[in-house]
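Observations on chain architecture
Read off the chains here:
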Amino acid sequence: MDIAQERRLVTAVPGPESLRRLERKRQHVADGVGTMLPVFVVAAGGGVLQDVDGNSLIDLGSGIAVTTVGNAAPHVVRRASEQLAAFTHTCFMITPYDGYVDVCAELAELTPGDHAKKSALFNSGAEAVENAVKVARVATGKDAVAVFDHAYHGRTNLTMAMTAKNMPYKNGFGPFAGEVYRAPMSYPFRDGLSGEEAAARAIDVLEKQVGAANLACVVIEPIQGEGGFIVPAPGFLPAIAAWARENGVVLVADEIQSGFCRTGAWFASDDEGVVPDLVATAKGIAGGLPLAAVTGRAELMDSVHAGGLGGTYGGNPVACAAALGAIEEMREHDLPARAREIGATMAGRLASLQETYAVIGDVRGRGAMMAVELCTPGTTDPDPVRTAAVAAHCHAQGVVVLTCGTYGNVFRFLPPLSIPDALLAEAFDVVEEAFAATA
Ligand SMILES: *Cc1c(COP(=O)(O)O)cnc(C)c1O
């Protein structure tokens, strides 16, 4: 690795050069496009981001679970560079190329279930979710879409309707797409229900308020991302899956954040043996290049008329080459196992933090997708103020942490799986200091 794997602060964070560039950003970039931590990056790899001031920060966010294989991972760079030099675009719908088909073949092998599968490729997670809904509607001849409390599915019109949280994702952007219905999610920390009880509650809402006869699909994140890294109680997903199967409702797993080794398995659905009918993937799939996919039962995918799926850039050859490189990294370094290792380390550190700091109400997650939820001690009242203070301290000390959650009171830890152990340990030392300093 060419980039020194160290945290090194030579200026305040953000430093003077970053602040100068932030001023240019203010001049030229729409204010609606926010930045959480305005350090301008010049290089990244392993577990660090280097900025224009010469600071080196530890990355616990992976650009929101995207650079799972690490930034500029060797196989991603090699394959994408070769493809860049060969050709950059033809439009797969005009003249095809191998990389697209190769990615679809890999998806058939890696996604849950050993049934016959086919895929279609897109540019973003939201686009994948939209297309999963299109496929489910054509395949079933039904309209309604079920989603859950705290869900996040994207920022396009249909996926805004499917996303739960108003600010900042939906506010003022309506009217939204119709025929989207929301069911209660299993949220063990807040509802205390078993998986079976929570599933019965959700199914009751769907049966009473929508009706299986109208429902094309249920779309669910096996572990919710933006909504707060909510891990449903064991048994919840299998029960929803069984109900969907028995009622002719397509089960769509949105594995955009949880997929591709993040949780210690190739996909989070694998953990409880759930086999979705359709899987939406993006984020970790291509080591940082924009690519997304819908993979599913061949007969469902093939229910759409010729020409009904596609897009100018979907499955761009450079993005496909990057995905093949990312998958090579995942196999070569057994990244599901590495995610479990990192997860065990983080779970240990977070559990000991919880013993010291009563503000940590819940520690949850799986593999390298862990979170803590901050609440007024002894209650489930969210504490977004402390959350923001801890985050600010971490950022100032050169550790990139992300928050999330409907109530803005959750830290999510998503380190690249290429992070060295020593750096991960140091990052959590800083997190611990941040809790102490803000107590
Ligand atoms: C990020 C995300 C999306 C949207 O992906 P984009 O590439 O930002 O459109 C959808 N679903 C989940 C679970 C996500 O985490």
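Treat the numbers as computed from the prediction; the structure is a model and nothing was measured.

The rules we used
- Residues numbered from 1 in each chain as written.
- Predicted model: local features only at pLDDT ≥ 70, side-chain atom pairs only at ≥ 80, totals over all residues.
- Heavy atoms only, no water.
- Near = heavy atom within 4 Å.
- Polar contact = N/O pair within 3.5 Å; in protein donor to acceptor, adjacent residues only side chain to side chain.
- Areas by Shrake-Rupley, 256 points an atom, 1.4 Å probe, with all protein chains shown as cover.
- Helix = DSSP H or I, 4+ residues; strand = E, 2+ residues; numbered from the N terminus.
- Buried < 20%, exposed > 50% of the residue type's maximum accessible area, 1.4 Å probe, protein only.
- Contact = heavy atoms within 4.5 Å.
- Salt bridge = Lys/Arg side-chain N within 4 Å of Asp/Glu carboxyl O.
- Expected span 1.5 Å × (residues − 1).
- Arc of directions from axis to C-beta.
- Pairing = 2+ DSSP bridges.
- Axes fitted to C-alpha atoms, helices over the stretch in contact; angles between N-to-C directions.
- Left-handed = near helix turned anticlockwise from the far one by under 90°.
- Parallel < 35°, antiparallel > 145°, perpendicular 65-115°, else oblique.
- Nonpolar A, V, L, I, M, F, W, Y, C, P; charged D, E, K, R; others polar.
- Domains from an automatic or database assignment.
- Buried area = accessible area lost by both parts, 1.4 Å probe.

1. Examining the site of the ligand
- Around the ligand, the structure places Ser 124, Gly 125, Ala 126, Tyr 152, His 153, Gly 154, Glu 221, Asp 254, Ile 256, Gln 257 and Lys 283.
- One of the backbone nitrogen or oxygen atoms of Tyr 152 is found 3.3 Å away from a nitrogen atom of the ligand.
- Taking Lys 283, its side chain carries an N or O atom lying 2.6 Å from an oxygen atom of the ligand.
- The protein chains hide 82% of the 380 Å² of surface that the ligand would expose on its own.

2. Some words on the side chain of Gln 224
- Relative to the assigned elements, Gln 224 resides in the loop between β7 (215-220) and α9 (236-246).
- Gln 224 sits in the buried class, given a relative accessible area of 1%.
- In this structure, Gln 224 is in contact with Phe 148, Asp 149, His 150, Ala 151, Met 185, Phe 229, Ile 230 and Met 369, ignoring residues within four places of it in sequence.

3. Brief notes about unusual backbone geometry
- Cis rather than trans, the peptide bond between Val 13 and Pro 14 has omega equal to -5°.
- Tracing the backbone through its elements, the reader meets Pro 14 in the segment before α1 (16-28).
- Residue Pro 175 is bonded to the preceding Gly 174 through a cis peptide linkage, with omega at 5°.
- Residue position: Pro 175 is located in the loop between α6 (157-162) and β6 (180-183).
- Backbone geometry places Ser 62, a non-glycine residue, at a positive phi of 50°.
- Along the polypeptide, Ser 62 turns up in helix α2 (residues 62-65).
- Taking relative accessible area as the criterion, Ser 62 reaches 0% and is therefore assigned buried.
- A positive phi is found at Glu 179, a non-glycine position, where the angle reads about 60°.
- Residue placement: Glu 179 occurs in the loop between α6 and β6.

4. Topic: the pattern of salt bridges
- Counted according to the given criterion, the structure contains 22 salt bridges.
- Measuring nitrogen to oxygen at the nearest pair gives 3.7 Å for the salt bridge that ties Arg 331 to Glu 109. Placement of the pair is Arg 331 in helix α11 (residues 317-332) and Glu 109 in helix α4 (residues 98-110), with a sequence separation of 222 residues.
- We classify Glu 109 as exposed; its relative accessible area is 58%.
- The residue Asp 421 makes a salt bridge to Arg 338 at a minimum N-O spacing of 2.9 Å. With Asp 421 in helix α14 (residues 421-437) and Arg 338 in helix α12 (residues 335-356), this pair connects stretches of sequence that are 83 residues apart.
- You can call Asp 421 exposed: its relative accessible area is 51%.

5. Some points on α1
- Here α1 spans 19 Å end to end across 13 residues, near enough to the 18 Å set by a 1.5 Å rise per residue.
- Considered for burial, the residues of α1 that qualify are Ser 18, Leu 22 and Lys 25. The buried side chains of α1 occupy one side of the element, clustering within an arc of 55° when seen end-on. Projecting away from the buried face of α1 at angles above 90 degrees are the exposed residues Pro 16, Arg 20, Arg 24, Gln 27 and His 28.

6. Let's talk about the sheet that holds strand β10 (residues 292-297)
- The strand order β4-β10-β9-β8-β7-β5-β6 describes an open sheet built from seven strands, whose pairing is mixed. Of all the strands in the sheet, the pair left with one neighbour each is β4 (117-122) and β6. Across the sheet, the axes of successive neighbouring strands diverge by a mean angle of 20°, strand direction being ignored.
- Relative to β7, strand β5 (residues 144-148) is paired through three bridges, and the arrangement is parallel. What sits directly across from Ala 144, in β7, is Leu 215.
- Set on the sheet, helix α8 (residues 195-209) makes contact with β5, β6 and β7; between it and β6 the angle comes to about 145°.
- Lying over the sheet, α9 contacts β5, β7 and β8 (250-254), oriented at roughly 165° with respect to β7.

7. Here's the deal with the packing of α8 against α9
- In contact at an axis separation of 8 Å, α8 and α9 are set at 35° when each is read in the N-to-C sense. Helix-helix and strand crossings are classified by hand; for α8 and α9 the assignment is right-handed. Between α8, through Gly 195, Ala 198, Ala 199, Ala 202, Ile 203, Leu 206 and Glu 207, and α9, the contact on the second element is made entirely by Phe 236, Ala 239, Ile 240 and Trp 243.

8. Focus: the packing of helix α13 (residues 384-396) against α14
- One way to put it is that α13 packs onto α14 with a least axis distance of 9 Å and a crossing angle of 130°. Considering their axes alone, α13 and α14 lie oblique with respect to each other. Crossing of α13 over α14 shows right-handed handedness. Residue-level contacts link Arg 386, Val 390, His 393 and Cys 394 of α13 to Val 430, Val 431, Glu 433, Ala 434, Phe 435 and Ala 437 of α14.
- Residues belonging to the contact of α13 with α14 are distributed by class as follows: seven nonpolar, one polar and two charged.

9. A few points about the domain arrangement of the chain
- Domain parsing of the chain yields domain 1 (16-59 + 334-437) and domain 2 (74-332).
- Placing the centre of domain 1 and that of domain 2 at their C-alpha centroids yields a distance of 26 Å.
- Interface of domain 1 and domain 2: buried area, both sides summed, is about 2,400 Å²; carbon and sulfur atoms make up 56% of it.
- Inspection of the region where domain 1 meets domain 2 yields three salt bridges.
- In this structure, the salt-bridge partner of Asp 271 is Arg 366, at a minimum N-O distance of 3.4 Å.
- At the boundary of domain 1 with domain 2, the tally comes to 19 residue pairs in polar contact (both at pLDDT 80 or more).
- When residues of the side of domain 1 that touches domain 2 are traced back to their parent elements, those giving at least two are α12, β11 (360-366), β12 (369-374) and β15 (410-413).

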